Amino acid sequence: MEATRVLSRNFKDIFSANARYEIPFFQRGYSWEQKQWKKLILEDILGEDGIIDNVTNENFKETEHFFGPIVVLQKTGGHPSLLRYLIIDGQQRFTTSYLILAVIKDLIEEKSAISSNASRYVGELNKLLINDITSGDDYLKLKIFSTKGDRLPTYKAVFKSNPNSPYLADDQLLYDPKTNRIDEFVYFAKRNLKGKDVPTLWNIARAVMDSLIVVWIPLDEGKDDAQAIFESLNDAGQPLTASELLCNFLFRPLIQANESNYEQIHNEKWLKSQRKVGYPHFEEYLRNLFSIGEKKKIGKEKRMYAFLKNKYRHILTSELSLNLLNQILDHTHIYNQVSDPSKNKHSNPEITQLLYSIKATNMDTVQPYLLTLLKALELNEISGTATHGLLYELYVLLVRRKVCKLSTTKYDVFFPNLFNQIRFATDPVKAFQQKVREEGLWVDDQLFFESFQTKELYIPRELGFSRHVLQEIDKKLQTHGELPDYSSIETIEHVLPQTLDAYWRTYLGPDAIHSDLTRIINTLGNLSLNSQPANSSAGQKPFAEKQAGYNPISSLARDIKSRPEPWNIAAIQQRSADLAQTALKIWKWSL
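Residues numbered from 1 in each chain as written. Predicted model: local features only at pLDDT ≥ 70, side-chain atom pairs only at ≥ 80, totals over all residues. Heavy atoms only, no water.

Trainee: Honestly, the overall build of the chain in this entry has me stumped. Any pointers?
Mentor: Counting its secondary structure elements, the chain contains 30 helices and eight strands. Here the C-alpha radius of gyration of the chain, 32 Å, is well above what a compact globule of 591 residues would show, namely 25 Å. Dimensions of the chain, computed from the C-alpha atoms along their principal axes, are close to 90 × 60 × 45 Å. Here the analysis covers contacts within the chain between residues at least 6 apart in sequence; of these, 74% occur between residues at least 24 apart. Between the averaged position of the 73 positive side-chain charges in the chain and that of its 72 negative side-chain charges there is a distance of 2 Å. (Helix = DSSP H or I, 4+ residues; strand = E, 2+ residues; numbered from the N terminus. Rg over C-alpha atoms; globule rule 2.2 N^0.38 Å. Contact = heavy atoms within 4.5 Å. Lys, Arg positive; Asp, Glu negative; His and termini not counted. Charge placed at Lys NZ, Arg CZ, Asp CG, Glu CD.)

Trainee: Explanation requested: the sheet that holds strand β4 (residues 83-89) in the structure shown.
Mentor: By definition, the strands of a sheet pair up through backbone hydrogen bonds, in either a parallel or an antiparallel sense. Strand order across the open sheet formed by six strands is β1-β6-β3-β4-β2-β5, with mixed pairing between neighbours. The two strands at the open ends of the sheet, each matched to only one other strand, are β1 (7-10) and β5 (144-145). Here strand β3 (residues 65-74) pairs with β4 via four bridges, running antiparallel. When the bridges of β4 are listed, glutamine 74 appears paired with tyrosine 85. On the sheet, helix α4 (residues 91-110) packs against β2 (19-22), β3, β4, β5 and β6 (212-219) and is oriented at approximately 105° with respect to β3. The strands touched by helix α9 (residues 198-211) are β1, β3 and β6; relative to β6, the strand with the most contacts, the crossing angle is about 35°. (Pairing = 2+ DSSP bridges. Axes fitted to C-alpha atoms, helices over the stretch in contact; angles between N-to-C directions.)

Trainee: How do you make sense of the side chain of threonine 491 when you look at a structure like this?
Mentor: Tracing the sequence through the fold places threonine 491 in strand β7 (residues 491-494). Engagement of the side chain of threonine 491 in a polar contact is seen with the backbone nitrogen of glutamine 532, the distance being 3.4 Å. Here threonine 491 is in contact with Ser528, Leu529, Asn530, Ser531, Gln532 and Asn535, once residues within four sequence places are set aside. (Polar contact = N/O pair within 3.5 Å; in protein donor to acceptor, adjacent residues only side chain to side chain.)

Trainee: In this structure, what is going on with the environment of isoleucine 88? I would like to understand it.
Mentor: When you line up the elements, isoleucine 88 lands in strand β4. Taking the C-alpha atoms as reference points, isoleucine 88 and valine 71, separated by 17 residues in sequence, lie 5.2 Å from one another.

Trainee: Explain the pairing of β4 to me, please; I cannot follow it from the model alone.
Mentor: For a regular strand, side chains alternate in direction, first toward one face of the sheet and then toward the other. With respect to burial, β4 is a largely interior element, five of its seven residues being buried. Bridge count between β2 and β4: four bridges; the pairing is parallel. Bridging across to β4, glutamate 22 finds its partner in leucine 86. (Buried < 20%, exposed > 50% of the residue type's maximum accessible area, 1.4 Å probe, protein only.)

Trainee: Just to check I follow, could you spell out helix α19 (residues 384-403) for this structure?
Mentor: Residues lying three or four places apart along an α-helix face the same way, a consequence of the helix completing one turn every 3.6 residues. Helix length check: α19, at 20 residues, gives a terminal C-alpha distance of 28 Å against a target of 28 Å (1.5 Å per residue), a fit within 8%. Within α19, 16 of the 20 residues are buried, leaving the element largely enclosed by the surrounding structure. (Expected span 1.5 Å × (residues − 1).)

Trainee: I tried to follow the nonpolar core on my own but got confused; where do I start?
Mentor: The tendency in soluble globular proteins is for nonpolar side chains to be buried as a group. Trp270, Tyr369, Phe448 and Trp587 are the most contacted members of the largest nonpolar core, which has 94 residues in total. In terms of residue count, the dominant contributor to this core is α19 (10 residues). Ranked by size, the runner-up nonpolar core spans 63 residues in total, among them Ile14, Phe145, Val158 and Val208. (Core = buried A, V, L, I, M, F, W, Y, C linked by side-chain atoms within 4.5 Å.)

Trainee: Quick question: what am I supposed to make of helix α30 (residues 569-586) here?
Mentor: Helix length check: α30 (18 residues) gives 25 Å between terminal C-alpha atoms against 26 Å at 1.5 Å per residue, within 8%. If you check which residues of α30 are buried, you get Ile569, Ala571, Ile572, Arg575, Ser576, Ala577, Leu579, Ala580, Thr582, Ala583, Leu584 and Ile586. Buried positions along α30 lie against α19, α23 (445-454), α24 (463-477), α26 (517-521), β8 (527-530) and α29 (555-561).

Trainee: I tried to follow the pattern of salt bridges on my own but got confused; where do I start?
Mentor: Once their charged atoms are close, side chains differing in charge can pair, the charge on each being opposite to the other. Per the counting criterion, the structure on display carries 27 salt bridges. Of the charged contacts in the structure, one is a salt bridge between lysine 160 and aspartate 106, with a shortest N-O distance of 3.7 Å. Linking lysine 160 in the loop between α6 (151-159) and α7 (168-174) with aspartate 106 in helix α4, this pair joins segments that are 54 residues apart in sequence. Among the residues examined, aspartate 106 registers a relative accessible area of 9% and is labelled buried. Where glutamate 462 meets lysine 402, a salt bridge forms, and the shortest distance between an N and an O atom there is 3.1 Å. With a gap of 60 residues between them, glutamate 462 in the loop between α23 and α24 and lysine 402 in helix α19 connect regions that are remote in the sequence. (Salt bridge = Lys/Arg side-chain N within 4 Å of Asp/Glu carboxyl O.)

Trainee: Explain the packing of α4 against α9 to me, please; I cannot follow it from the model alone.
Mentor: The packing of two helices is summarised by the inter-axis angle and the distance between the axes. One can describe the packing of α4 onto α9 by two numbers: an axis separation of 10 Å at closest approach and a directional angle of 160°. It follows from the interaxial angle that α4 and α9 lie roughly antiparallel. Remark: the crossing between α4 and α9 carries left-handed chirality. Note on element contacts: α9 touches α4 through Val198, Leu201, Trp202, Ile204, Ala205, Val208 and Met209, opposite Ser97, Ile100, Leu101, Ile104, Leu107 and Ile108. (Parallel < 35°, antiparallel > 145°, perpendicular 65-115°, else oblique. Left-handed = near helix turned anticlockwise from the far one by under 90°.)

Trainee: Whenever I open this one, the packing of aromatic side chains confuses me. Can you help?
Mentor: Here a ring pair, both rings aromatic, is described through the centre-centre distance and the interplanar angle of the planes. Scanning the entire structure with this criterion turns up 36 aromatic pairs. Each ring, one from tyrosine 395 and one from tryptophan 587, has its centre 6.5 Å from the other, and the planes form 70°; the classification is edge-to-face. Remark: tryptophan 587 occurs in the segment after α30 and tyrosine 395 occurs in helix α19; sequence separation between them is 192 residues. Considered together, tyrosine 395 and tryptophan 587 belong to a single accessibility category, that of buried residues. Through pairs of rings, three or more aromatic residues link up here, namely Phe11, Phe15, Tyr21, Trp32, Phe67, Tyr85, Phe94, Tyr98 and Trp216. Just above the ring of tryptophan 216 sits the side chain of arginine 9; from NZ or CZ to the centre is 4.5 Å. The lysine or arginine in question, arginine 151, covers the ring of tyrosine 167, its NZ or CZ lying 4.5 Å from the ring centre. (Phe/Tyr/Trp six-rings, centres within 6.5 Å; stacked < 30°, edge-to-face > 60°. Lys NZ or Arg CZ within 6 Å of the ring centre and 35° of its normal.)

Trainee: Even after reading the chapter, I still don't get unusual backbone geometry, so can you show me in this structure?
Mentor: As a rule of thumb, non-glycine residues mostly have phi less than zero, and peptide bonds are mostly trans rather than cis. The omega torsion of the bond from glutamate 565 to proline 566 falls at 0°, within 30 degrees of zero and hence cis. Positive phi values are uncommon outside glycine, yet aspartate 49 reaches one of about 65°. Take aspartate 49: it is sitting in the loop between α2 (34-45) and α3 (51-54). Of the residues examined, aspartate 49 reaches a relative accessible area of 58% and is grouped as exposed. Positive phi values are uncommon outside glycine, yet glutamate 58 reaches one of about 55°. With respect to the helices, strands and loops of the structure, glutamate 58 is situated in the loop between α3 and β3.

Trainee: Just to check I follow, could you spell out the environment of glutamine 256 for this structure?
Mentor: Following the sequence through the fold, glutamine 256 ends up in helix α11 (residues 242-256). For the pair glutamine 256 and glutamine 274, spaced 18 residues apart in the sequence, the C-alpha separation amounts to 24 Å.

Trainee: Explain the side chain of asparagine 530 here, please?
Mentor: With respect to the element layout, asparagine 530 can be found in strand β8. We classify asparagine 530 as buried; its relative accessible area is 4%. Not counting chain neighbours up to four residues away, the residues in contact with asparagine 530 comprise Ile489, Glu490, Thr491, Glu493, Asn535 and Tyr550.

Shown next, in the form of structure tokens:
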């Protein structure tokens, strides 16, 4: 990169050319948020001591505001009437500046009936926003050519209509107006600028065109690796996520192999997978998927990307990339069943129920194992009976260890490759139990029974698990034919209140100052299920009044109603032991 080629330029100069500034495939979509938008428009341009405040004699060119570097790579090929550049770094600033001009053009046009200068201003802005070109693809009229769902909303921001383009059908599938950041910015800018008069709007446009100065840094197409340079520069701006880096890594062989349909592959494989799982969960999905068969569950975020890059960097071909992309897509429905079984039900209701129960333990470390097991079931590599048995044993293991407050440190090592070790066993369930014993993870009945009396079941950060255990015990104790609606009694009630008032301190006598009272109050024997209003009403009421007020719809509440006074430590411990016997029947090893 020769220093003499680096220039200071403004956007009027940049956008005056008939050119297509492409956002490369390896870049993320438009991602600036209100924080950046407010700073640029409301502070840097319109704010106190901003650009407009500092302009003298309307000389915007003299009021320079440094807007960062723009790294570009001029490309050969493309339409003969257009210069073609890849925006390697600075696309967020570049795109935002372009969109501001589009919004201002629209707002000025709306006021053309009351402003004699409006038509002239709109004409000048159109020259900067629209390429003077005749083509069968309307997208060539845009100065900015992006991908990943941003192309269509950018076109609509400038032209207020859909383009006549071969890309339109694909773009309509990618474009989500509810979440697209281009649309969010256009809405933000219009909301903040619509009250301005035409002279003010034109001054804002001039600030963008003439005052925002960028350092224009061109790369050499024959010498510079644009994607590698982009990744090295990325951390200075808004860093790419691990999944975005992995996407770029997987698609590099396809691009280098001149796969002309790599964008279609991206849409049909990567983006489809992302949509199926949901963007917020996609990275965790990839982490679990690529942990399958490994010695240890791979790390989160950038550690995941670093692991996979090191694993595949010397062997990644376009064929292997396609295989990995297919693998990502093929497991999405299974991950959804595992991560949210209440919304994504398995075809087998019993498996769905077990997945729901496993989910209630909040032990996501087991997901690589579950992904492998359920994929094997889908491929008929394991029977439904064996799958059900393995899921049940896993559920029993997780509940027992969690109730006993045992370490989960080994889970990251134990589960990623577990299924590969037992899948071909004559009796997979027996093989599972053997592996559990070998790793020292087994929990016998005695320890499980005692833990209900000695360990707190009620833990504020684990209320979902606490509620699940209580509901399962409640179900087991039900003598009526129909189970209650547990959504109506999902509040955990402490019979002996967590905070004792004067009445309860007197009632308990010496127990009120017992050194372990806080722990005992949170054990199984002191807990029940109640509705939220009833729970609030019960509060510090005496034991007899609580008994009378408990709704007998819950078998746990009926059990409390049948208990004699006094309600003290001995009574709580006795009830813990009684209910622990029921728990042994629910979470019982099958062999």
